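Chain by chain, the residues run as shown.
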Amino acid sequence: GAVVSQHPSRVICKSGTSVKIECRSLDFQATTMFWYRQFPKKSLMLMATSNEGSKATYEQGVEKDKFLINHASLTLSTLTVTSAHPEDSSFYICSARGSGDPNEQYFGPGTRLTVT
Amino acid sequence: DAKTTQPTSMDCAEGRAANLPCNHSTISGNEYVYWYRQIHSQGPQYIIHGLKNNETNEMASLIITEDRKSSTLILPHATLRDTAVYYCIVRARSYNTDKLIFGTGTRLQVFP
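Chemist: Which residues make up the packing of aromatic side chains, and what are the values?
Modeler: All names here are of chain B. According to the stated counting rule, one finds twelve aromatic pairs over all chains in the structure shown. With a centroid separation of 5.8 Å and an interplanar angle of 75 degrees, the aromatic rings of Tyr36 and Tyr46 are classed as edge-to-face. Taken together, the residues span a long stretch of sequence, with Tyr36 in strand β3 (residues 32-38) and Tyr46 in strand β4 (residues 45-50) at a distance of ten residues. Note on Tyr46: relative accessible area 21%, which makes it partly exposed.

In structure tokens, the structure reads:
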């Protein structure tokens, strides 16, 4: 299957600071990218969907001003957690989908964010 | 997208077949059944998908009932590395609403 990478794999930041997570599709062009969040022992929760060159569509209850998503190219999307707080500590997973057939969805390895 | 119902957890002996059921009684005609799994602290891994015919690949087989209201993922010879949470998802594959919504999944424990 196609490869999706995330960077960093782990990050620790102080409360009030911002942190950026990168998601890259390595061997295909991702017309659509997705960002999920997962708390311990819970399922993945979709945060937002982004199409290349367009504004992201956020799921209900997700603050768009706090979780900034940029999908500026067909291989890169970024998630910036602004003014992070301890409750933002979570496992963030990106996913990418191409436009071809089959347009399957592939997931990155995830980023563990800890806010102290 | 239709919702799915899966058992919370299952056990399977190593080398035996693991049969993971999924109910999707409200599935629509254009919705596919997808299976992913997530090994601890990793991103989900695609396993298999189908519409109405049974499917098989190098990882697993997918059996979909004739009325499409349920399906079963079969891992023919489970290994310890198959221990993971398995998610059954229905997906419409229509441009505007095409997103994978994860349920609670089945935690499969393969034991020696």
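Next comes the rest of the description.
Chemist: Before we move on, could you go through the side chain of Thr49(A) and cite the residues and values that matter?
Modeler: Relative to the helices and strands, Thr49(A) is located in strand β5 (residues 44-51). Not counting chain neighbours up to four residues away, the residues in contact with Thr49(A) comprise Thr32(A), Met33(A), Phe34(A), Ala56(A) and Thr57(A).

Chemist: Before we move on, could you go through the pairing of strand β2 (residues 18-23) of chain B and cite the residues and values that matter?
Modeler: All names here are of chain B. Only one face of β2 is buried: it carries Ala18, Leu20 and Cys22, and the other face, with Asn19, Pro21 and Asn23, is open. The pairing of β2 with strand β7 (residues 70-75) spans six bridges and is classified as antiparallel. For Asn19, the partnering residue across the bridge sits in β7 and is Ile74.

Chemist: Tell me about the interface of chain A and chain B, residues and numbers included.
Modeler: Where the parts come together, the accessible area they lose is often given as the size of the interface. Counting from both sides, the interface comprises 21 residues of chain A and, opposite them, 19 residues of chain B. Taken over both partners, the interface formed by chain A and chain B buries close to 1500 Å², and the fraction arising from carbon and sulfur atoms is 45%. Taken together, the connections running from chain A to chain B amount to two salt bridges. Put simply, the parts of the chain that give the side of chain A that touches chain B at least two residues each are β4 (32-38), β5, β9 (90-97) and β10 (105-107) of chain A. Split by residue class, the side of chain A that touches chain B holds nine nonpolar, six polar and six charged.

Reading the values: rules and limits
Residues numbered from 1 in each chain as written. Chains lettered and ligands numbered in written order. Predicted model: local features only at pLDDT ≥ 70, side-chain atom pairs only at ≥ 80, totals over all residues. Heavy atoms only, no water. Phe/Tyr/Trp six-rings, centres within 6.5 Å; stacked < 30°, edge-to-face > 60°. Helix = DSSP H or I, 4+ residues; strand = E, 2+ residues; numbered from the N terminus. Buried < 20%, exposed > 50% of the residue type's maximum accessible area, 1.4 Å probe, protein only. Contact = heavy atoms within 4.5 Å. Pairing = 2+ DSSP bridges. Buried area = accessible area lost by both parts, 1.4 Å probe. Salt bridge = Lys/Arg side-chain N within 4 Å of Asp/Glu carboxyl O. Nonpolar A, V, L, I, M, F, W, Y, C, P; charged D, E, K, R; others polar.

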